Amino acid sequence: MKLTYKLIGALAVALSVSGQVEAQTADANTIAVEHVWARATPAGAKAGAVYMTVVNKSAIPDRLLGATTPVADKVQFHSVSEANGVSSMRELPAMDIPPGAKVILKPGDTHAMLVGLKQPLKEGQTIPLTLDFEKAGKVNVAASVAKVGAMQGGSMGSMAHGADKPMKK
């Protein structure tokens, strides 16, 4: 059975001095988005990836329905799976965010794909994204761009939640 709730909250954005996004939330009691980062892309790349941790601080489920950014034509959410030594990606129409859960988007796993980049993502740059949640509404975040091939963003240190592990081949 699917339950529908409506939450209304103020949008708050918190950036540290370095520009690293520490936490961004629609409401202190609903969705928090932490450690938002992207990889720099080589010249001519038409796609890039963004990673983050989404925390549902409420007692009700929510869904990440989509995202937009001015740096790409569209944003898709993808999951990565491996079968018989072959990795493949599939687009996710939405992402469920269970109550009290942390959903981690990281290299080699679930991630946001920026499709149709308008220019390469450059290390040190910050790119805006607007995440659209079913209940929490729109949440604006800023992704710090790390070096090409990075397995974790900026100064995340031990907060990488496994993003520093090598991707399975």
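Residues numbered from 1 in each chain as written. Predicted model: local features only at pLDDT ≥ 70, side-chain atom pairs only at ≥ 80, totals over all residues. Heavy atoms only, no water.

A few words on the overall build of the chain. On a plain count of helices and strands, the chain comes out with 0 helices and 12 strands. Taken from N to C terminus, the helices and strands of the chain fall in the order β-β-β-β-β-β-β-β-β-β-β-β. Sequence-distant contacts, at least 24 apart, represent 63% of the contacts inside the chain between residues at least 6 apart. For the chain, the exposed surface amounts to about 8,800 Å²; the carbon and sulfur share of it is 56%. (Helix = DSSP H or I, 4+ residues; strand = E, 2+ residues; numbered from the N terminus. Contact = heavy atoms within 4.5 Å. Areas by Shrake-Rupley, 256 points an atom, 1.4 Å probe, with all protein chains shown as cover.)

Quick look at the nonpolar core now. Core analysis: the biggest nonpolar cluster contains 32 residues, and V50, F77, L114, I127, L131 and F133 have the highest contact counts within it. Residues contacting V50, with those up to four places away along its chain left out, are V36, W37, A38, H111, A112, L114, I127, L129 and A143. In terms of nonpolar packing, the next biggest core, distinct from the first, is built from 5 residues, W37, A49, A146 and A150 among them. (Core = buried A, V, L, I, M, F, W, Y, C linked by side-chain atoms within 4.5 Å. Buried < 20%, exposed > 50% of the residue type's maximum accessible area, 1.4 Å probe, protein only.)

What follows deals with the pairing of strand β5 (residues 62–68). Sheet topology note: the β5/strand β8 (residues 95–97) ladder contains 3 bridges and is antiparallel. Bridging from a neighbouring strand, R63 pairs with D96 of β8. In this sheet, strand β11 (residues 126–133) lies alongside β5 in antiparallel orientation, the contact comprising 4 bridges. Its bridge partner being in β11, G66 is matched across the sheet by D132. (Pairing = 2+ DSSP bridges.)

Taken as a whole, this structure holds 1 aromatic pair when the rule is applied. Pairing W37 with Y51 gives two aromatic rings, centres 4.6 Å apart and planes at 40°, and the pair type is tilted. Of this pair, W37 sits in strand β3 (residues 31–39) while Y51 sits in strand β4 (residues 47–56); the two residues are 14 residues apart in sequence, bridging distant segments of the chain. Of the residues examined, Y51 reaches a relative accessible area of 3% and is grouped as buried. (Phe/Tyr/Trp six-rings, centres within 6.5 Å; stacked < 30°, edge-to-face > 60°.)

Now for the side chain of S58. Within the secondary structure, S58 sits in the loop between β4 and β5. A distance of 2.8 Å separates the side chain of S58 from the side chain of N56, its partner in a polar contact. Within the local environment of S58, its side chain forms a polar contact with the backbone oxygen of I60, the two atoms lying 3.0 Å apart. (Polar contact = N/O pair within 3.5 Å; in protein donor to acceptor, adjacent residues only side chain to side chain.)

Our focus in this paragraph is the environment of K102. With respect to the secondary-structure elements, K102 resides in strand β9 (residues 102–105). Between the C-alpha atom of K102 and that of E34, which follows or precedes it by 68 residues, the distance is 9.9 Å.

The next subject is the pattern of salt bridges. All chains considered together, the criterion is met by 3 salt bridges. In this structure, the salt-bridge partner of R63 is D96, at a minimum N-O distance of 2.8 Å. Taken together, the positions of R63 in strand β5 and D96 in strand β8 put the pair 33 residues apart, joining distant regions of the chain. A residue is classified by how much of its surface remains accessible, and R63, at 25% relative accessible area, is partly exposed. (Salt bridge = Lys/Arg side-chain N within 4 Å of Asp/Glu carboxyl O.)

Chain-level pLDDT for the chain is 79 on average; 73% of the residues reach the 70-or-more range. Low pLDDT, under 50, characterises residues 1–25; the predicted model gives this stretch 58 contacts beyond four residues in sequence or across chains. For residues 155–169, every residue scores under 50 in pLDDT, and the model assigns this stretch 28 contacts once sequence neighbours within four places are set aside. (pLDDT = per-residue confidence, 0-100.)

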